Each structure stands twice: as C-alpha cells, then as structure tokens.
Amino acid sequence: MTIRRSLALCLACWAAPLFAAETVWLDSLDLSTMRQGWGRPQVNRSMREKPLTIAGTVFAHGVGTHATSTYRVLLARGSERFTATVGVDDAAGAGGSVVFQVLVDGKRVFNSGVMKHGQPGKPVSVDLRGATTLILLVNDGGDGVRNDHGNWADAQFAVTGARPKPFVAPKEDPYVLTPEPGPAPRLNFPAVYGARPGNPFLYRIPAQGTRPMTFSALNLPSSLRLDPDTGIITGTTPPAGKYHIQLAARNPRGGASRTFTLVSGDTLSLTPQMGWNHWYAHYHRITDAMMREAADILIRSGMADVGYDYVNIDDCWMNAEADAKRKPDPARVGPFRDAQGRLLPNAHFPDMKGLADYIHAKGLKAGLYTSPGPKTCAGYAGAWQHEEQDARLFAEWGYDFLKYDWCSYSTVVSKERTLDEMQRPYRLMGDLLRRQPRDIVFNLCQYGMGDVWKWGAEIGGHSWRTAGDLGYELDRIFEVALKNCEHRAWQKPGAWNDPDYLQIGYIGNARGGGLPEPCDLSPTEQYSFMSLWALMASPLFYSGDLTRLDEFTLNVLCNPEVIGVNQDPLGQCARVERLDDDTFLLVKDLADGSKAVGLCNAGYEAAPVVASWGKLGLSGAQPVRDVWRHTNLGRFQGEFRAEVKRRGVVLVRVGETRAP
Ligand code: GAL
C-alpha cells in the first residue's frame, strides 16, 4: 500500500512537468501576417501605443489591432485552449465598435456581438483539442471602421506540444471563368438609357468582336448621328419621350442587332453607372496624362466594349495650400482661385477642357470631384461659397459626372449636424447641376449620413455612397454587401446605392495612399466582389491600376452576362435570404422574368449552399444558367445546390424568361 502510494506520488511528480500545459502568449507569435484595416498590430499596447485598457482594466499582455483584422494560426498537436479578454481599447475614442470572432477549423466558436467603446471586456475560452486551425477576426460593428481599436487582451494558448504557428491564407491560383469573346459582334448596351431633352448627346455603343466593325441604326431620331466606323452616337437629345432604336453591328464574321430604348426625360443613369475612378490606384499622384492614358486603356483593353464609359478624376486635381504636415507635391500647391473666383486646377492638370475633349473624342464620358466644404478630404480647394461658379465651370469644360465629397463641410455646419444641414449642400449642387446645359450625373459622397438613401434621389442625386471608404475594409466585402442590401427599398433606376469602387487587380494601399500592388483578395474573393456588386446593381467603377490589367482581372471585370445582371433595367438590388451564420442567398428579380441568384459563402471553409425554389418564389422544374461561364446547367427540380468555395459566390440565373 505504502509502496503503491509512493509509486503513484512519484509518477505524478514525473508526469507533471511533462503534461502541464505551457502558456504561449499571442503577443509572442510572429504578428507580421495579421492583416488589419489600419496601422500595424501592437504588442502589449493599444493602437494608440498606450497600455492595453478595456473599460478601465489594464492588461500587461495582449495585442492591439484595428478592424478589419484577420490572423490565422496553425495548431500543433497538444494545443488545448485559447483564452483572452476582448474589447474596444479605452484610448480608441468614442464611436469605436467591433465584433470579435474566433473560428476553429472554419467553425465560428466565439462571437462577441457588437462591443462598444467603454464596454467591459468579454472573456473568450475556446477548446482547441484535436483542432488544426484557429482564425481570430475583428470586424467592424456595423458603423464603419473609424476608431475600431480591438484588443485581444491577455490572449494566450495553453499547449503541451509545439507552439502555434501563424500562417497566411492558402494561396489560390487565378482561374478564368469568362469565355473569350468570339469574333462576331456582340452588343453589350443596357436596354434603356436616360438623357435630358435638348442637351448634348454622346454614347459609344459597347460591342465586342473583331474590328473593323460597321454600325448602323434604325429609327435613330433626326437630332442624332451615328458614326458607322466607331459606333459613337452624337448630337442633341431629342424631345422628351421614348425612342426605340434598333442598333446593329456587322463584321465579316457575323452580325448582331438589339433594341436600345433612349428615354429622353429628367432621369439620368437608368442603369448603374460604369467606368473607372482614379482614387484607389493613384491617390495624390494623378495627372492629366494618366487620365488620358486611362481613357486609351478603357478602349484598348475592351472594357469600354462591355460598358465601362466614365473616366473619373477623384481628389487632388485642384490646388492645395502649402502644409508642413501633409507635404503636398509643390506642383499641386497654389492659389485656389483667380481674382474672379474661378477655380484653378493644379499644374498637373493644365487643360481641364482639353482633357474632357480628349475623353469625349473616344466616345467616353468625363467625371470630376470636389467637396461642398472649403477643402476636399486631401486638403485641396473645395466649392464652398463658389458652388454656382464651379457648377458652371464644370459644365463649360464639358464634364459629365460630379462626385461631391462632404469632407471639410463639417467645419461649416453646427456640431449637431441636422438633417437639413446634411442635405443643404447636396440640394444646392443638385439644383445647380440640373440647370446646366448638359447631362451631369451627381454622385453624393457623405458616407451614408442621415440615411442618405432615403432622400438622395429627391435632392437630385443619381447615386450615393452608403458607407465609409471600402479601402479600409476589403476583407469585408460580404458584410459590406449585406449592409448595403438593407437599403434596397430605396434603390431604383436613376437612384443607386453605392458601396464604393471595385478594387481588384493592382490597387494602392489605402493606408497612406500607397503605390499599386496586387490586392490582398484571393481570386475567388475577386469574383465574389464582382458578383455581389452585380447582384446589388451597384455602380461599377473599377479603381485599380489600368496600366497593369492582366488576363485574370480583365476576365473578372468584363463578363457581359455578369454585367447584364448589374445593368438589368428593373434596377433591383438583391434581397437577402439568410441560410446560416456564413451562407446566404442573394435574389435579384430581372426584367425578363428570371432571377439572378448568388449562392454566397462568407465563411472561411468551402460549404454546400442550397437555393430552394421556395426561397426564390418558384416551383417545379426550372432552367439554371451559370452566369460566369455562359452555360446552361439544365433544368432542376425544387432546388439548385452548389459547393461554394471559401469566401465565394456561385452566380446563376434561374427561371424561364419571357419575351421582351
Ligand atoms: C474620401 C472619399 C474617397 C476619396 C477621398 C479623396 O472621403 O470617400 O472615395 O474620394 O475622400 O480624398
């Protein structure tokens, strides 16, 4: 007995040091693979480089990060448990709100719900036995990522084996889904197009196929001319009414013909705008030469042949003040206006009218940007107190699109910012633009304040950003899409919710306006980006570096059937049918009676997704078409199911179509 007991004791003392779990602090791992929306991960301190503090409690250990943040860890055998206390750091500033999530082998095992600044920390304790991967996510709490400083405080692993190892997302090779366009003409214009009577008209027929190609039109109003070689229609928009014009294109390999309905009236942008905007590629580096090159590339690359036609300058084309902190390029520093108050472009934009003329000569449209405030967001001249003069100048130069960015307007309104104050500058500019003798599409950029989707159309807007800059939130395209879909009821032809630009291919890192580099999204996520924007009928502005378009990026941007879903004349934003935490359907009714359906998987593992006819409002046997691959998949009874890749969308059209 005594011997047995002492043997047992002895075994215990031998085994203890071998099996007791060791603590591995999260902050001791290599954090260079942690992706986050702003700044770098902080070890044992907050994003503001202060002690990690949640609701007054200070933590010696932990990692301070910023939404959206993703960190992947590979677990060795013997990983027992992950524990932490999570919360928004006290130094973040009011308004910070985040959601912490922990995924073990792709399954969400912890979800903090929305946590706000000042709220006490929440404990996390997750069983890791038998698991191989752990993902730590910090997402925005639904109000943008401003001040979203999330702490993984006291975060530690209990392990008896090897230390956990960070890893980057599995690399996926690019794959091409879009079929090569054939040699015969294919017409890619939307069914309807709005223009105002009596204004200058310009439209380049988007058509794929081998050039040279000859264009022709039946029932073209007499005030319009079609150039048979370029397919560019110019002239004056005819009196109010609907004109059903039969447009055709022919080359030695074949011909195509379709009806183009010109709706002459008060509403522009009857389908979502498409084009290119310089911001996420070139930031403060943009020049006149780069804008002209962008127009050349839209034509040369074939993007204009599927409908991308606006060539839009964003911020930084005017003058800035000398500023010791921002240090603007000296060639962009100068007086904002001349003695008559006329706005002065900076030295990189010597001829704004010449630039618009150059773009127009290609059949494309020109856009520009300013702020209702005294200065733009990057510190350049704004329109404050010169609105009328500027609107006239933009029209005189020949611009077709204005993005009006709130920026420093905050400095000229009350702190409370009443609804009237939010609307006032947009109402003013909306009226002014409508009075110009040309069609100018008006894009409101004020990040969704005052539920802009409810009143944007009323005050003259054609599209409005529904949230802050997507530049900080690329990891969140699914969440951003779900949020944007909440505003679907207010969307209609001529009035579009804008969740920001398409950022795929080469884009400049939004943190600090970096030089373009390959974007962080996997090929599947890049397809998802385009599928989601198509299903929401969001404006399609590519904002990557056009000089570095590769085959993959072009195939994502230029699929005419995917674009057809986006440009459908009903203009509907898809409704959401939630299936589980990670998967959902997006269902968009189309004008031909069929439905575009996205089988979406926002999760980090592949998942089966089922679109049952009941959820789509259909029954019986229904035809299904793969929109990306342009192939009919057959008739399906009761449902369509697909294995959807991690962060993927399978985009199909379901249902019979009725003749137009
Ligand atoms: C932001 C806007 C961006 C970009 C930038 C320019 O406010 O949301 O899209 O225009 O300003 O400074």
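As the structure is a computational prediction, the values presented were derived from the model and not from experiment. (Residues numbered from 1 in each chain as written. Predicted model: local features only at pLDDT ≥ 70, side-chain atom pairs only at ≥ 80, totals over all residues. Heavy atoms only, no water.)

Trainee: Account for the sheet that holds strand β30 (residues 496–498), naming residues and giving values.
Mentor: Pairing is parallel in the open sheet, where eight strands are placed in the order β30-β29-β28-β27-β26-β25-β24-β33. Each edge of the sheet is formed by a strand with only one pairing partner; in this case those strands are β30 and β33 (540–542). Geometrically, the sheet is characterised by an average inter-axis angle of 25° between neighbouring strands, direction not taken into account. Bridge count for strand β27 (residues 401–405) against strand β28 (residues 441–445) is five bridges, and the pairing is parallel. Residue leucine 402 lies in a different strand from β28, and its bridge partner there is phenylalanine 442. (Pairing = 2+ DSSP bridges. Helix = DSSP H or I, 4+ residues; strand = E, 2+ residues; numbered from the N terminus. Axes fitted to C-alpha atoms, helices over the stretch in contact; angles between N-to-C directions.)

Trainee: Explain the packing of aromatic side chains to me, and be specific about the residues and the numbers.
Mentor: As enumerated under the stated definition, the model contains 30 aromatic pairs in all. Geometrically, the ring pair formed by phenylalanine 100 and tryptophan 152 is edge-to-face, given 5.2 Å between the ring centres and 80° between the ring planes. With phenylalanine 100 in strand β9 (residues 97–104) and tryptophan 152 in strand β13 (residues 149–159), this pair connects stretches of sequence that are 52 residues apart. Using a relative accessible area of 0% as the deciding quantity, one classes phenylalanine 100 as buried. Relative to phenylalanine 201, the ring of tyrosine 193 lies with its centre 5.7 Å away and its plane at 75°, an arrangement referred to as edge-to-face. Residue tyrosine 193 is classed as buried on the basis of its relative accessible area of 15%. What links up through ring pairs into an aromatic cluster is the set Trp279, Tyr280, Tyr283, Tyr310, Phe401, Tyr501 and Phe541. (Phe/Tyr/Trp six-rings, centres within 6.5 Å; stacked < 30°, edge-to-face > 60°. Buried < 20%, exposed > 50% of the residue type's maximum accessible area, 1.4 Å probe, protein only.)

Trainee: Describe the site of the ligand, and please don't skip the residues or the numbers.
Mentor: Neighbouring the ligand are Trp279, Asp314, Asp315, Tyr369, Cys377, Ala378, Lys403, Asp405, Cys445, Tyr447, Arg465 and Asp469. Residue lysine 403 places a side-chain N or O atom 2.8 Å away from an oxygen atom belonging to the ligand. In the model, an oxygen atom of the ligand is placed 3.4 Å from a nitrogen or oxygen of the tyrosine 447 side chain. Contact with the protein chains covers 94% of the free accessible surface of the ligand, which is 310 Å². (Near = heavy atom within 4 Å. Polar contact = N/O pair within 3.5 Å; in protein donor to acceptor, adjacent residues only side chain to side chain. Areas by Shrake-Rupley, 256 points an atom, 1.4 Å probe, with all protein chains shown as cover.)

Trainee: Any chance you could break down the nonpolar core for me, citing the residues and the numbers?
Mentor: Among the nonpolar cores identified, the biggest contains 115 residues, and Tyr308, Trp317, Met530 and Leu557 are the most heavily contacted of them. Considering every element that reaches this core, the biggest residue donor is helix α8 (residues 523–535), with seven residues. When residues of this core are assigned to domains, at least three fall in each of domain 3 (274–566) and domain 4 (575–654). Apart from the residues lying within four places of it in its own chain, the contact partners of methionine 530 are Tyr308, Leu502, Leu540, Val556, Leu557, Val562, Ile563 and Trp628. Counting residues in each nonpolar core, the second largest holds 33 residues, with Ala67, Phe82, Val86 and Phe100 among its members. (Core = buried A, V, L, I, M, F, W, Y, C linked by side-chain atoms within 4.5 Å. Domains from an automatic or database assignment. Contact = heavy atoms within 4.5 Å.)

Trainee: Would you mind going over the pattern of salt bridges in detail, with residue names and values included?
Mentor: One pass over the full model with this rule turns up 35 salt bridges. The shortest N-O distance in the salt bridge between arginine 129 and aspartate 127 comes to 2.9 Å. On the basis of relative accessibility, which here comes to 35%, the residue aspartate 127 falls in the partly exposed class. The residue glutamate 577 makes a salt bridge to arginine 575 at a minimum N-O spacing of 2.7 Å. On the accessibility criterion, glutamate 577 (22% relative accessible area) is partly exposed. What emerges from the salt-bridge pattern is a single network uniting Arg108, Asp581 and Asp582. (Salt bridge = Lys/Arg side-chain N within 4 Å of Asp/Glu carboxyl O.)

Trainee: Tell me about the sheet that holds strand β39 (residues 631–637), residues and numbers included.
Mentor: Ordered in space as β34-β35-β36-β41-β38-β39, the six strands form an open sheet in which the pairing is antiparallel. The strands lining the two open edges of the sheet, one partner per strand, are β34 (575–578) and β39. Here the strands of the sheet are splayed against their neighbours by 30° on average, with no regard to which way each runs. The pairing of strand β38 (residues 621–626) with β39 spans six bridges and is antiparallel. Bridge pairing in β39 places aspartate 626 opposite threonine 631. Its contacts with the sheet put α8 on β35 (583–589), β36 (595–601) and β41 (648–654), and the angle it makes with β41 is roughly 40°.

Trainee: Tell me what's going on with the environment of glycine 334, and back it up with residues and numbers.
Mentor: Here glycine 334 lies in the loop between β25 (310–312) and α4 (352–361). Placed 47 residues apart in sequence, glycine 334 and alanine 381 show a C-alpha to C-alpha distance of 9.8 Å. Dropping the residues within four chain positions of it, glycine 334 is found in contact with Asn319 and Ala320.

Trainee: Describe the packing of helix α5 (residues 387–397) against helix α6 (residues 419–434), naming the residues involved and giving the relevant values.
Mentor: Packing of α5 against α6 leaves a shortest axis separation of 9 Å and a crossing angle of 40°. By the criterion of interaxial angle, the relationship of α5 to α6 is oblique. Here α5 and α6 pass one another in a crossing that is right-handed. In this structure, α5 uses Glu387, Glu388 and Ala391 to contact α6, whose residues at the interface are Leu428, Met429, Leu432 and Leu433. Residue composition of the contact of α5 with α6, grouped by class: five nonpolar, no polar and two charged. (Parallel < 35°, antiparallel > 145°, perpendicular 65-115°, else oblique. Left-handed = near helix turned anticlockwise from the far one by under 90°. Nonpolar A, V, L, I, M, F, W, Y, C, P; charged D, E, K, R; others polar.)

Trainee: Tell me about the state of the cysteines, and please be specific about residues and values.
Mentor: As used in these notes, a disulfide is a covalent bond between sulfur atoms, one from each of two cysteines. Counted according to the given criterion, the structure contains one disulfide. For cysteine 377, the disulfide goes to cysteine 407, at an S-S distance of 1.9 Å. On the S-S bond that ties cysteine 377 to cysteine 407, the torsion sits near -95°, and the link is left-handed. Placement of cysteine 377 in the loop between β26 (365–370) and α5 and of cysteine 407 in the loop between β27 and α6 is noted, with a sequence separation of 30 residues between them. Considering cysteine sulfurs only, cysteine 519 is the nearest to cysteine 558, which forms no disulfide, with 16 Å between them. With no disulfide of its own, cysteine 573 lies 3.9 Å from the sulfur of cysteine 485, the closest cysteine sulfur. (Disulfide = S-S within 2.5 Å.)

Trainee: Describe the confidence of the model for the protein chain, with residues and values.
Mentor: Residues of the protein chain with pLDDT of at least 70 account for 96%, and the chain-wide mean is 94. In this model residues 1–17 is a low-confidence stretch, pLDDT under 50, and it forms zero contacts with partners more than four residues away in sequence or in other chains. (pLDDT = per-residue confidence, 0-100.)

Trainee: I'd like to hear about the pairing of strand β22 (residues 241–251), residue by residue, with values.
Mentor: Inspection of the sheet shows strand β19 (residues 214–218) paired to β22 by five bridges, in the antiparallel sense. When the bridges of β22 are listed, phenylalanine 215 appears paired with alanine 249. With eleven bridges joining them, β22 and strand β23 (residues 254–264) adopt antiparallel strand pairing. Bridge assignment links histidine 244 to a residue of β23, and that residue is threonine 261.

Trainee: Tell me what's going on with the domain arrangement of the protein chain, and back it up with residues and numbers.
Mentor: Here the domain parsing of the protein chain yields domain 1 (21–166), domain 2 (186–264), domain 3 (274–566) and domain 4 (575–654). With seven residues of domain 1 in contact, the opposing surface of domain 4 contributes five residues. Counting the surface lost from both domain 1 and domain 4, the interface buries some 500 Å², and carbon and sulfur atoms represent 46% of this. When the buried surface of domain 1 facing domain 4 is broken down by residue, Arg72, Gly106 and Arg108 rank first, second and third, together holding 62% of it. If you look at where domain 1 meets domain 4, you find two salt bridges. Across the salt bridge formed by arginine 108 and aspartate 582, the nearest N and O atoms sit 2.9 Å from each other. There are two residue pairs in polar contact (both at pLDDT 80 or more) connecting domain 1 and domain 4. (Buried area = accessible area lost by both parts, 1.4 Å probe.)

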